[in-house]
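Chain by chain, the residues run as shown.
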Amino acid sequence: MKVMFFEWSLAILLSIQLLVLASELEMIDYESQHVTCSKGLSNCTVKACAGIPIQKCPVDVKGLAVQPVLCCIQDTACRPCLHIRLDIQPRNDQTASYVSVCYTVPQLIMPLCKKLEFTVIPAAPDEQASSKQAWLSLLLESNALSFSSQVTVYACNLHSTVMLPSVDEVCSSASQGVVEECEVPSFSTLIDPERREVMLQVAKEEDSPYQLEMCLQHEHNGMCRTWKEKSLPLHAVTPCMCFQLWWDKGDERSRRSRSCPFRNNTELFQRNLWENVSVSVVRGQMNSGGAMLSWNLTAPCRVEAEVWPCQRDAGVDKDRCRELGDIRQHLSNDTWREIDRGHWLMPGVFEDVKPGLDLCVMVKVKGKNSELGPFCPIDSRWWHWRWGLLVLVTLMLVGLAGMCLYFLHGKLKRWAWEWHQKECDQLPIRGHVVLLSPPDVDNSVSELVCELGSSLRARGLSVSVDLWSRAELCSLGPLPWLHSQLQPLDSQGGRALLVLTQAAWKKAEDWGQQWDQHGQQRRDIAQGVEEEGEYKRLLQGLSSPYADVFSAALSCIKVDHQQGRAGKRFLLVHFEAHSAKPLSSERGLPELFQGLPLFHLPSQGQELLVQLAIGSKGPRAGIGG
């Protein structure tokens, strides 16, 4: 019988589930983890140990009691702890002994253990064995312990499970002022009638080391949306508006203070609620073929109201709407649904209404003397006319904007050109320019070449024109004369300008083909070696005395291409009064001229001056005929 009683008591002990309310938590002044022991034990100490709870113990553990408490430092900074008591009975002839106490929480992989060591004081010979019973008390504080967590404590063959109270339970008790998790912002609202705003005033915000966070919601169970401002316009405040404030501690410990401060000021803010009630109405057809009138009522707060259909008068007074029958619908709280912009929506429908009537919907909100409405379906003809007008106005605005951009573009372009010309006139131009005529030079082209040379000389440039250098050409020869003119370009800076005409275009194409057909001869010419027979054969058929200079220039351009410096010395200029591309040519610019900057005169005269002044690359060659 005694054995059965012992087993029954042990089974009850193993299944203990201790749930302690926050109001029952004892506050214990805590400095360090310590153990106390009863009479008959001495030298009681505690230290951490690794291991798994063991079933065999040096002592007999008769009882295990675990109680959640608050460990505090001078009645502040309290944290959850466990007060563990072990009832033990040392064995005969036992002096130094120990018992292991382990605990685990769901987030731990392995249990954490403490080893309680003690010394047994020998009993007097006349003392009974029952007098050897003693107890050990351990105050356990650990970072693994947190509010709302379940903790299981093991000691030899016994275990006990307790549930620590939640933060809300702790903070609702007298412990609110000493537990860090209970610290929440305290705030109040102040109405400023002059600025027509509601101000949020947070107490001791500057004293908190944490960032203040806020959110705003409509109704206590509505979605709380992040809110950064501490003021609200008075017209946006409604009776169901609530605030949540908390200190951002970077974890889930941040407890919030919640308040709906405007519920008692319904007279002041009820008007804002009524003015923001709206109803959308749509005609429809039921599956049975009958007509129906569906509606959606939206409001900042859930309201008690009645909705009914009515027939609008066909006369002048469109605001008069006669109720149809006794089919009013009462709005209940269980069918409201919150929508994205923080309002609440209530859907509804009136079925089997008479088709062909001008039907609308009326609303009567509790607390408001007058009715709201009528709310009517949108006339499709009016809707189409509205969209047509909107499209027409949009097209007119686009056209007006296009005209403004056109005139503005012309004005900006003219202003930019005047500014560019002014800047170009102020650029200092120095250096040497060699102006080379095309092979088909005639009176009109030669006049333009001479005018260009004179204009460049008037700008301060040193200019050499083959048309002006007949005596030197006759005495030196085309190639030596050209080399003598190109030499100063490297030291003084400047460019050689090659006039592009149809004959120059054709000459460059033919010359390139002849160049490709001769191997050693073209290399000799490229090095400036004048082999009279071959050189004359390449140049035969040219009627102009300046054709030799033009061909020599082509040789130099070819050498520049081979050395990777095309466009460094030579530029192309095209007089827009004369076509540059031959009618018989189907290809683009001759290969020899590709990579050379090309300027069309007179339209690109300023660009040419800039190129000669700063030595930068001009627009790449491209011709339109």
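Residues numbered from 1 in each chain as written. Predicted model: local features only at pLDDT ≥ 70, side-chain atom pairs only at ≥ 80, totals over all residues. Heavy atoms only, no water.

The protein goes by Interleukin-17 receptor C in an unreviewed UniProt entry, where it is assigned to Oncorhynchus kisutch. A UniProt comment under Subcellular location (unreviewed entry) is attached to the protein, and it reads "Membrane". (UniProt positions renumbered as here; feature names shortened; annotations may be inferred.)

1. What to know about helix H7 (residues 478-492)
Since the α-helix turns once every 3.6 residues, residues separated by three or four places project in the same direction. Along its 15 residues, H7 runs 22 Å from first to last C-alpha, staying within 8% of the 21 Å computed at 1.5 Å per residue. Of all the residues in H7, the buried ones are Pro478, Leu479, Trp481, Leu482, Gln485, Leu486, Pro488 and Leu489. Remark: Gly493 follows H7 within two positions and exhibits a positive phi of approximately 85 degrees. (Helix = DSSP H or I, 4+ residues; strand = E, 2+ residues; numbered from the N terminus. Expected span 1.5 Å × (residues − 1). Buried < 20%, exposed > 50% of the residue type's maximum accessible area, 1.4 Å probe, protein only.)

2. Here we look at the state of the cysteines
Counted by the stated rule, this structure contains eleven disulfides. Residue Cys72 pairs covalently with Cys78 via a disulfide, S to S 2.0 Å. Classification of the bridge connecting Cys72 and Cys78 rests on its S-S torsion, roughly 110 degrees, and on that basis the disulfide is right-handed. There is a disulfide in this structure between Cys310 and Cys321, and the S-S distance comes to 1.9 Å. Between Cys310 and Cys321, the disulfide has an S-S torsion of 95 degrees and is therefore right-handed. Here Cys310, found in strand S21 (residues 305-312), pairs with Cys321, found in strand S22 (residues 321-323); they are eleven residues apart in sequence, far enough to count as distant. (Disulfide = S-S within 2.5 Å.)

3. Some details on the sheet that holds strand S25 (residues 344-353)
Strand order in the open sheet formed by four strands is S19-S20-S25-S24, and the pairing between neighbours is antiparallel. Looking at the sheet topology across the chains shown, the edges are occupied by strand S19 (278-285) and strand S24 (337-338). One ladder, built from eight bridges, connects S19 with strand S20 (residues 291-299); its direction is antiparallel. Paired with Val281 across the bridge in S20 is Trp295. (Pairing = 2+ DSSP bridges.)

4. Remarks on the pairing of strand S30 (residues 494-499)
Two faces make up the sheet, and in a regular strand the side chains alternate between them. Here S30 lies mainly inside the structure; five of its six residues are buried. Across five bridges, the pairing between strand S28 (residues 432-436) and S30 is parallel. Within S30, the residue paired with Leu435 across the bridge is Leu497. Of the pairings in the sheet, the one linking S30 to strand S31 (residues 570-575) comprises four bridges and is parallel in character. Its bridge partner being in S31, Val499 is matched across the sheet by Val573.

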